Amino acid sequence: MERRGTGSNEKVKASLPSFYSEKYSTIMRWHPKAADTLEGEEEQKQPLVMDSWYLHHPLLNLSRLALKGDKVARKLFLDSLEFSIRVAHHFDYKWPVFYKVDTLEVVKAETQPGKGGEKDVPGLFAHVMLQAWELTGEKRYLTEAEKAAMHLRGQGFDLFYQANNTAFSAGAMLRLYKITKKEIYRQLSYLCLAGVFNNVKLWDCDYGYGKNFPTFFALFPLNDAPYTAVYEEQEVFCALHDYLRNAQDIEILPSVRLLITEYVRYLVDRAAYYYPTMLPKEMLQEKPKIGEVDPNLWIALEDLHDGWEKSGQVGQEVYGAGNAFGILPRHYIRIPDQPFMVFTDYPLYRFSTRKQDYLHVRMAGDNRIDCRLMVVKTGPGKLPGVEVHINHKPIHGKKSKGGHFEYLIPGNAEITISWK
């Protein structure tokens, strides 16, 4: 019997080639056969108008599939690269906000008068080029990544255009540093991260509708956005996990490890509240500007607002439904043939099970701050005898409601969990 969802996944994958334009030799933002149905209610919703970051984002996702061996994604990705490079050269690695795909005519040059275009796109383009270099081994892609990276210099906090793009840029700069050993790229990665952390709210909203959900360390998707958005947060969350994974064997600032792991910890706690089913109905927008809000549907809201304003003003995100699928495999470890799983609210560098009687975990973070580790029951019976060691020293946990066990673990620790 086919597993639920598998057929739908294959149907979505099978549709990918239909987004490729033979005429322009690139993946398109709008489906070519549906582009004439666009009504232009927003300035970019026109058939051949490209938002600069939108070209690179699908290329990133295609490259990820390609690196996992998907032949269709590989062809679509590689066939679109020349157009991407031509656009980069045309704009001298300084992308506007909107341009025409057919003529490269600028439709909108600046985010605001005097503010320039999408200044983090050079980092996103560099990420795409690094993926191409990893996939093909062709040095010209690495050269393109380095050329683009240098256009991030001197931007300061103005570099931040959209949170997920800036976070991906941080990871690309760190990868360039590891490949070339040029210190400028490590420093540029810090610049990108500074832009991300400059756009968080370091407070809990305890007034109005804000009393119904946690807001501490929430990330604004744009530098002028009056709301937080699950898709951008989800992608930043994944990008920061990758940043730590790439940084595990090199020296980076302790403050960087601390900030990243703390952001991840709070996102894991907050993310469920993007679902309208977790919120009182009176705080949800009854008549969104676009889209709709079904308070019984487990699809994330597009926007969570300040405590005085209702949320879901632009409906729910179909693409935000992937929120849980980003968090669960990174923070819950399933133990084969055992009636429990392991949860941690900090990122992991790695984990491994051996002989199926113990689990070895390397935590990320900074040892000045503790994180939570839980042994979570998944069956009706009692837990087997579980022992937890930190750096080879045993520790004792606290039994919680439901028969689970909770432990406080310092960041950057080596953990061994064994059972009988």
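Residues numbered from 1 in each chain as written. Predicted model: local features only at pLDDT ≥ 70, side-chain atom pairs only at ≥ 80, totals over all residues. Heavy atoms only, no water.

Visitor: How do you make sense of empty space enclosed by the protein when you look at a structure like this?
Guide: Taken as a whole and assessed by the stated rule, the structure comprises 1 cavity of 30 Å³ or more. Here the largest cavity is characterised by a volume of approximately 50 Å³. Looking at the largest cavity, the residues that line it are Phe213, Pro214, Thr215, Ala218, Thr228, Arg270, Tyr273, Tyr274 and Leu304. Within the lining of the largest cavity, the residues separate by chemical class into 6 nonpolar, 2 polar and 1 charged. (1 Å grid on protein atoms, 1.4 Å probe; cavity = no way out; pocket = protein on both sides within 12 Å on 5 of 7 lines; lining within 4 Å. Points joined across faces, edges and corners; volume = space filled by probe spheres on them. Nonpolar A, V, L, I, M, F, W, Y, C, P; charged D, E, K, R; others polar.)

Visitor: Just checking my understanding: could you explain the pairing of strand S14 (residues 370-377) for this structure?
Guide: Regular strands show a simple pattern: their side chains alternate between the two faces of the sheet. By the bridge criterion, 5 bridges tie strand S11 (residues 340-344) to S14 in an arrangement that is antiparallel. Within S14, the position partnered with Thr344 by the bridge is Leu373. Sheet topology places S14 next to strand S18 (residues 405-410); 6 bridges connect them, and they run antiparallel. Pairing of Met374 across the sheet is with Glu406, part of S18. (Pairing = 2+ DSSP bridges. Helix = DSSP H or I, 4+ residues; strand = E, 2+ residues; numbered from the N terminus.)

Visitor: Teacher, can you tell me more about the sheet that holds strand S3 (residues 49-51) here?
Guide: The pairing of strands in a sheet happens through backbone hydrogen bonds and is either parallel or antiparallel. Read from one edge of the open sheet, 3 strands run S3-S4-S5, paired in antiparallel fashion. The open sheet has two free edges, formed respectively by S3 and strand S5 (106-108), since each of these has just one partner strand. Going across the sheet, the axis of each strand differs from the next one's by a mean of 35°, ignoring polarity. Of the strands in this sheet, S3 and strand S4 (98-100) are in contact with helix H2 (residues 52-67), which crosses S3 at around 75°. (Axes fitted to C-alpha atoms, helices over the stretch in contact; angles between N-to-C directions. Contact = heavy atoms within 4.5 Å.)

Visitor: Please explain the environment of Ser169 as it appears in this structure.
Guide: By the element assignment, Ser169 lies in helix H6 (residues 163-180). Sequence separation of Ser169 and Ala126 is 43 residues, and the distance between their C-alpha atoms is 7.4 Å. One polar contact links the side chain of Ser169 to the main-chain carbonyl oxygen of Asn165, over a distance of 2.8 Å. (Polar contact = N/O pair within 3.5 Å; in protein donor to acceptor, adjacent residues only side chain to side chain.)

Visitor: Would you explain the pattern of salt bridges in this entry?
Guide: A side chain with one charge may pair with a side chain of the opposite charge, provided their charged atoms come close. Overall, the coordinates contain 18 salt bridges when judged by the stated rule. With its nearest N and O atoms 3.4 Å apart, the salt bridge here joins Asp249 to Lys178. In this pair, Asp249 is assigned in the loop between helix H8 (230-247) and helix H9 (254-270) and Lys178 in helix H6, connecting sequence segments 71 residues apart. One connected set of salt bridges, linked through shared partners, spans Glu82, Glu138 and Arg140. (Salt bridge = Lys/Arg side-chain N within 4 Å of Asp/Glu carboxyl O.)

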